[in-house]
Structures are given as C-alpha cells and as structure tokens.
Amino acid sequence: MEAIILLGGPGAGKGTLADFLKKQTTYIHVSTGDMLRAAIQAGLAVGLEAKAFMEAGQLVPDSVILRIIEERISRDPAENRFMFDGFPRTIEQAEGLDLLFKKQGGTVKHVFNLVVEREILLKRLTSRRICKTCGAVYHVTNKPPKKEGVCDLDGGEVYQRADDSEATILKRLEVYEKQTAPLIAYYQKKGLIRDIAAGGLAAETDALVLKVLTA
Ligand code: AMP
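Since we're looking at a predicted model, the values are computed, not measured. (Residues numbered from 1 in each chain as written. Predicted model: local features only at pLDDT ≥ 70, side-chain atom pairs only at ≥ 80, totals over all residues. Heavy atoms only, no water.)

Here we look at the site of the ligand
At step 1: Of all residues adjacent to the ligand, which total 16 residues, the nearest are Thr32, Arg37, Gln58, Gly86 and Gln93.
At step 2: Within the backbone of glycine 86, one N or O atom sits 2.9 Å away from a nitrogen atom of the ligand.
At step 3: Between the ligand and arginine 89, the relevant distance is 3.0 Å, taken from a nitrogen atom to a side-chain nitrogen or oxygen of the residue.
At step 4: For the shell around the ligand, the element with the highest residue contribution is helix H2 (residues 32–41), accounting for 4 residues.
At step 5: Tallied by class, the residues present in the shell around the ligand amount to 6 nonpolar, 5 polar and 5 charged. (Near = heavy atom within 4 Å. Polar contact = N/O pair within 3.5 Å; in protein donor to acceptor, adjacent residues only side chain to side chain. Helix = DSSP H or I, 4+ residues; strand = E, 2+ residues; numbered from the N terminus. Nonpolar A, V, L, I, M, F, W, Y, C, P; charged D, E, K, R; others polar.)

If you want it as structure tokens, here you go:
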C-alpha cells in the first residue's frame, strides 16, 4: 500500500487537485471531508457525531477520523494506492496513520504542501461551490458549471457548503494554523514535504504535482 498526502489550508485547492489526479493517475481519492458530508446526508451515526464540529469550523475528534480511515483503507486490497485529501489534519492523526501503515505494510511517498496566501484562500472559499453528490469543485466566476446549479460530471446539485460562510471560514483558517500547519515540520523531518506554489491557476498546480509524480 502506498499513499500521497495533499496538505494545505482550507481553499488551497486540495479537492481541485484531487479531481485532476483521479483522472491522471491510479491513486484512489480519500477525502475525509467528503466522507463525513456523505455520512451526514445518509444519516449515519458517524455523521451525527461529526456534524456540530464541522458546522462550527472545528476539527472532528481524531478517534472518529482514524476509525473511518482504517475502515476505508482496509476495504481495498493491499496493492492499492491512496491519495489522502484533508487527512491527516493533526499530529495525532499523522501518528495514527504511521501506526496503521506499520501494521498494514504501507508507505507515504510524498506530502504535497499547497502554499497559498491567506488573502487568496479567503477569496476562493467565499466563491467556492461544490457538487452534492460527487464533490467536484466549482468557482462562481473562474469555473462555473455549464448549467447553473448543476454538476457537469453527474448532474448533481451544485451548492455552497454550510461551512463556507465568512465567520466559519475565519475559524477554519485559525484551526488550520494551530492544528494542521505543524504537520509541515512533522513531514519535513521525514523528508517527504514537496512545497507546491498553489496560489495561481489550477492547471499550474496540477502540472507541478504531476511532474513530481512522474519524475
Ligand atoms: P474539508 O472538506 O476537508 O474542508 O473538511 C470539512 C470539515 O470536515 C472540516 O472543517 C472538519 O470539521 C471536518 N474534517 C474533515 N477532515 C478532517 C480531519 N482529517 N480531521 C478532523 N476533521 C476533519
């Protein structure tokens, strides 16, 4: 088992990059945010547990996240390659992943650190829209769906996430700085960090990452 990790603040472009890598590589996309939103929609217990944290822009407890990740990666055969998007988000989760991979014989190949200025993150998040069914990412002006409110890929409803409101966005940025940014040093020590300038066009970010993966 092998994994790459997409790391970066909210709005850094992890989901958009994942949409691209899904088509260009054999990595299986695992987004804890998408999984939690799906669990809420389906009325599952884990969704109920997560909902209040998500709406407040706070992190869902590590134990819940590690449980859904363990379940997800043990569902696929050992030769699979995963692309983690929005996981890990704390040092505890990164340590939990290390332990899980030690047990199951997995390795982390690269950690792509998407570097974007705070001002750009804020602008992107307020303009972001996503598909309710497949999670495809749109932008009201830069990348609107062909038909307003309808996903180009599967016809699902394109909507604004509840946690993409201005107050919650500020909280999520603060949570990122405090709890997730320390992961950069954690993975730097392991020699896995690949800094990617991600403040420009999505196509530029895509190309930089693909270059590392195909090197
Ligand atoms: P995302 O779609 O990755 O932006 O995640 C949306 C929200 O889901 C976050 O603000 C958290 O509340 C929760 N969440 C997603 N992934 C994680 C994670 N790895 N650890 C803790 N909370 C998470």
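From this point on, the discussion continues.
Focus: the state of the cysteines
At step 1: Inspection of the entire model under this criterion finds 0 disulfides.
At step 2: There is no disulfide at cysteine 134, and the cysteine sulfur nearest it, in cysteine 131, is 3.8 Å away.
At step 3: Summary of cysteine pairing: cysteine 151 is not part of a disulfide, and the nearest cysteine sulfur, belonging to cysteine 131, is at 3.8 Å.
At step 4: Among the residues examined, cysteine 151 registers a relative accessible area of 3% and is labelled buried. (Disulfide = S-S within 2.5 Å. Buried < 20%, exposed > 50% of the residue type's maximum accessible area, 1.4 Å probe, protein only.)

Quick look at the sheet that holds strand S5 (residues 128–131)
At step 1: Strand order across the open sheet formed by 3 strands is S6-S5-S7, with antiparallel pairing between neighbours. Each edge of the open sheet is held by one strand with a lone partner, namely strand S6 (137–139) and strand S7 (158–159).
At step 2: Pairing analysis gives 3 bridges linking S5 to S6, with the strands arranged antiparallel. Pairing of isoleucine 130 across the sheet is with valine 137, part of S6. (Pairing = 2+ DSSP bridges.)

Thoughts on the packing of helix H5 (residues 91–104) against helix H8 (residues 182–189)
In a pair of packed helices, the angle between the axes and the distance between the axes together describe the arrangement.
At step 1: Direction vectors running N to C along H5 and H8 enclose 35 degrees, while the axes themselves pass 9 Å from each other. Residues Ile91, Ala94, Glu95, Leu97 and Asp98 of H5 touch H8, and the partners they reach there are Pro182, Leu183, Tyr186 and Tyr187.
At step 2: In terms of residue class, the contact of H5 with H8 is built from 7 nonpolar, no polar and 2 charged. (Axes fitted to C-alpha atoms, helices over the stretch in contact; angles between N-to-C directions. Contact = heavy atoms within 4.5 Å.)

Side note on unusual backbone geometry
At step 1: That bond from phenylalanine 87 to proline 88 is cis: its omega, -10 degrees, falls within 30 degrees of zero.
At step 2: With respect to the secondary-structure elements, proline 88 resides in the loop between strand S3 (81–85) and H5.

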